[in-house]
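# What the coordinates show
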Amino acid sequence: MRIAVCVKQVPNPDTPAAVFRVDETARELVLPPGQPLAMSPFDEQALEAALRIRDELGGTVGISALTLGPDASRSVLKHALAMGADEGVLLADPALLSGDSYATALALAAAVRKLGAVDLVLAGRQAADTDAGAVGIGMAELLGWTAVTFAKEVRVAGATARVTRVLDDGLETVEAPLPLVVTVSNELGAPRKPSLRETMRAARKPVAAWGAGELGLAAQRAGAAGARRVRERLFVPARESHCEFIAGATPQEQASALARCMRDAKLL
Amino acid sequence: MAAGVLVVTEIALGKPVAPVYELLGLAGRLAAGTSGKVEAALLGRGIEGCASDLIARGAERVYLADEGALADYEPERWVARLVRIARESGPAAILLPHTTLGADLAPRLAFRLDTAVAAGCVEIARDSGRLLFTRPCYGGSFRETLSMRTAPAVATVRGGCHEAAARDPRRKGEVVRVEASTAEPAPRMNVVARERTVSDGMRLEEARVVVAGGRGLEGADGFVLLAELAQALGGAVGASRVPCDLGWCPHSMQIGLTGKTVAPEVYIAVGISGAGHHMAGCGNAGNIIAINTDREAAIYGQARWGLVGDYRQVIPPLIAAIREIHATARKSE
Ligand SMILES: Cc1cc2nc3c(=O)[nH]c(=O)nc-3n(C[C@H](O)[C@H](O)[C@H](O)COP(=O)(O)OP(=O)(O)OC[C@H]3O[C@@H](n4cnc5c(N)ncnc54)[C@H](O)[C@@H]3O)c2cc1C
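Before going into details, it helps to say that this report is about the structure given with it. Bear in mind the structure is a predicted one, so any value in this text is a computation, not a measurement. (Residues numbered from 1 in each chain as written. Chains lettered and ligands numbered in written order. Predicted model: local features only at pLDDT ≥ 70, side-chain atom pairs only at ≥ 80, totals over all residues. Heavy atoms only, no water.)

### A look at the packing of helix H3 (residues 101-115) of chain A against helix H4 (residues 135-143) of chain A
Residues and elements named next belong to chain A.
- Packing of H3 against H4 brings their axes to within 8 Å, and their N-to-C directions diverge by 55°. Judged by the inter-axis angle, H3 sits oblique to H4. In the crossing of H3 with H4, the sense of the turn from one axis to the other is right-handed. Here H3 contributes Ser 101, Tyr 102, Thr 104, Ala 105, Leu 106, Leu 108, Ala 109, Val 112 and Arg 113 to the contact with H4, which in turn contributes Val 135, Gly 138, Met 139, Leu 142 and Leu 143.
- Here the residues of the contact of H3 with H4 sort into 10 nonpolar, 3 polar and 1 charged. (Axes fitted to C-alpha atoms, helices over the stretch in contact; angles between N-to-C directions. Helix = DSSP H or I, 4+ residues; strand = E, 2+ residues; numbered from the N terminus. Parallel < 35°, antiparallel > 145°, perpendicular 65-115°, else oblique. Left-handed = near helix turned anticlockwise from the far one by under 90°. Contact = heavy atoms within 4.5 Å. Nonpolar A, V, L, I, M, F, W, Y, C, P; charged D, E, K, R; others polar.)

### Some thoughts on the pairing of strand E10 (residues 160-167) of chain A
Residue and element names in this part refer to chain A.
- Counting buried residues in E10 gives 6 out of 8 residues, a clear majority hidden from the surface.
- From the end of strand E9 (residues 146-157) to the start of E10, which pair antiparallel, there are 2 residues, and Gly 158 there has a positive phi angle of about 60°.
- In this structure, E10 lies alongside strand E11 (residues 170-177), joined through 8 bridges in antiparallel fashion. Pairing of Val 163 across the sheet is with Val 174, part of E11.
- Between E10 and the antiparallel strand that follows it, E11, lie 2 residues. (Buried < 20%, exposed > 50% of the residue type's maximum accessible area, 1.4 Å probe, protein only. Pairing = 2+ DSSP bridges.)

### Comments concerning the pairing of strand E10 (residues 142-148) of chain B
- Across the 7 residues that make up E10(B), a large majority, 6, are buried.
- Note: strand E14 (residues 229-235) of chain A against E10(B), 6 bridges, orientation antiparallel. From the neighbouring strand, Phe235(A) faces E10(B), where its bridge partner is Arg143(B).
- Of the strand pairs in this sheet, strand E9 (residues 130-137) of chain B and E10(B) are connected by 5 bridges, and their pairing is antiparallel.

### Quick notes on the site of the ligand
- Arg215(B), Ser240(B), Ser273(B), His277(B) and Asn292(B) are the nearest of the 28 residues found near the ligand.
- Taken together, the residues near the ligand originate from chains A and B.
- One nitrogen or oxygen atom from the side chain of Ser240(B) is found 2.6 Å from an oxygen atom belonging to the ligand.
- Contacts to the ligand include Gln254(B), whose side-chain N or O atom sits 2.9 Å from an oxygen atom.
- For the ligand, whose accessible area on its own is 990 Å², the fraction buried by protein is 85%. (Near = heavy atom within 4 Å. Polar contact = N/O pair within 3.5 Å; in protein donor to acceptor, adjacent residues only side chain to side chain. Areas by Shrake-Rupley, 256 points an atom, 1.4 Å probe, with all protein chains shown as cover.)

### A short note on the sheet that holds E11(A)
- Ordered in space as E13(A)-E7(A)-E6(A)-E1(A)-E8(A)-E12(A)-E9(A)-E10(A)-E11(A)-E13(B), the 10 strands form an open sheet in which the pairing is mixed. At either end of the open sheet lies a strand with only one pairing partner, and these are strand E13 (207-209) of chain A together with strand E13 (190-196) of chain B. Neighbour-to-neighbour, the strand axes of the sheet open up by a mean angle of 30°, direction not taken into account.
- Both E9(A) and strand E12 (residues 180-184) of chain A contribute to a ladder of 4 bridges, which runs parallel.

Function cannot be inferred from these measures alone, as they are strictly geometric.
So this is what it looks like as structure tokens:
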């Protein structure tokens, strides 16, 4: 069985927003040099889901990590290999970059086709930078596969996957035949840390680099040229709140004062 | 050029969820002054009665698919039916609430219609004929405004960002039935179990008051105290992601970028630091009250009132003070 996991490199999501600068003309976020980049957390959990499947089913499971991004994204593949993926695929051809969810899904779906014999694609529920949540589902649509979203648990038995999904008001378990795309949510739990042994082995694992030509994508459909969404503006939202701190010598006094504020504002 | 707006209705407990009314209000404003109509797609079982409700809220046409097979949301059936509705309606935009259902459905619909999607929008505007979609990104710390090169544009919209359409029973609209077609493929996925979180009936998204707890509660016990405060205020209890991940409360209580979006009149954040990821789900609350031991916590930057203190010492007297005010008010009635 072959699992392809889509992983994206993003600014470390714990980086305080104040560190970033908005380039209004390029409509891009600028990260000062030296700021850490990381694998988007939900993608790390998608990889963890793949590793758990392999832990359960054993050695017949092969895991390929796919990333689309600039050359620096190689480090996110390295991390995936150190966590336990068997091989990496880097889509760093400039013709594939700066697209939107559509162009990205198109390139990743083409990479899955090129890998061949993939039974399961796992992706994070959304990337921690764009927060869009469309690539995984879009890949399924483009491949003609089923998509199951917001997974808390993914198990495979024979040609069927059993996925527990997180809903607004609880959980649901669905069964779907392979091949399948599953998007993974944080409820899956913490991903494993790379072990020293896997990190050493990672250096010897293969990483392929494919461009638009190898994926059979015409230039006008790929990357920025193929994007359907245009970013017109990027900005910091205005916050116009002025906080009134509640005074009081004791917690009791503070509590009564807050209750009075709420009453006077007709909120009680 | 198409100018109409199609709103996809999500039903809970037999009626449209509140954000649907907000989408109809928004659709009305976007279609105003154009040749476009406000239309709604209504899918489910035993939901025919909701059509008149949608019309009273501004839908000029309701595409109705009322049948057993659509009783529970099943993406493949829903997408197939909605694609047919979208082709018939030919709107400029298709709007869905930004719920789990909407976030699952919108990208499918966009790719099936060979177009693009904007998720979690907080604002949609018309600017000399084209539509602009504004949404939080980078964990809620930034916003981007998007335009689309393809039509129809599909968008999910966060709750509490737009004024709901007022109900006017004199409004007229037509109901168009969209029956099952034999070309619709059988769904490949199959629900084998469903486990609903028991709630006391009030939907977090619709509560007028939300009391939310974070890591600062330091354990599940804190939520018992918050439930008592919520009860005194007639509200519901929510949480930041941390207590959900730590198992102090169910995941269905998570508020934020990847949880629920709420916009109550009063939002009391207890032991929550105010990360962008969290505020993306509650930043539109009418009045934010923060209770936190750390005076420097980011949450105070978005709060109307801040109470610096340990929640264990503050909440019990706060409950008592609220009950006393209620009792006094009752006496004077
Ligand atoms: C991609 C991504 C998506 C995310 N999505 C979400 C999301 O949807 N929702 C969400 O909430 N988070 C989300 N997060 C997590 C988010 O970044 C924060 O980590 C989280 O919101 C912090 O939760 P918190 O405020 O409860 O905890 P902390 O940041 O640890 O804050 C705890 C606060 O409690 C205070 N405190 C401690 N003791 C007490 C006491 N006794 N009384 C009063 N106050 C006390 C502290 O001063 C502190 O301010 C996401 C993160 C990522 C990377």
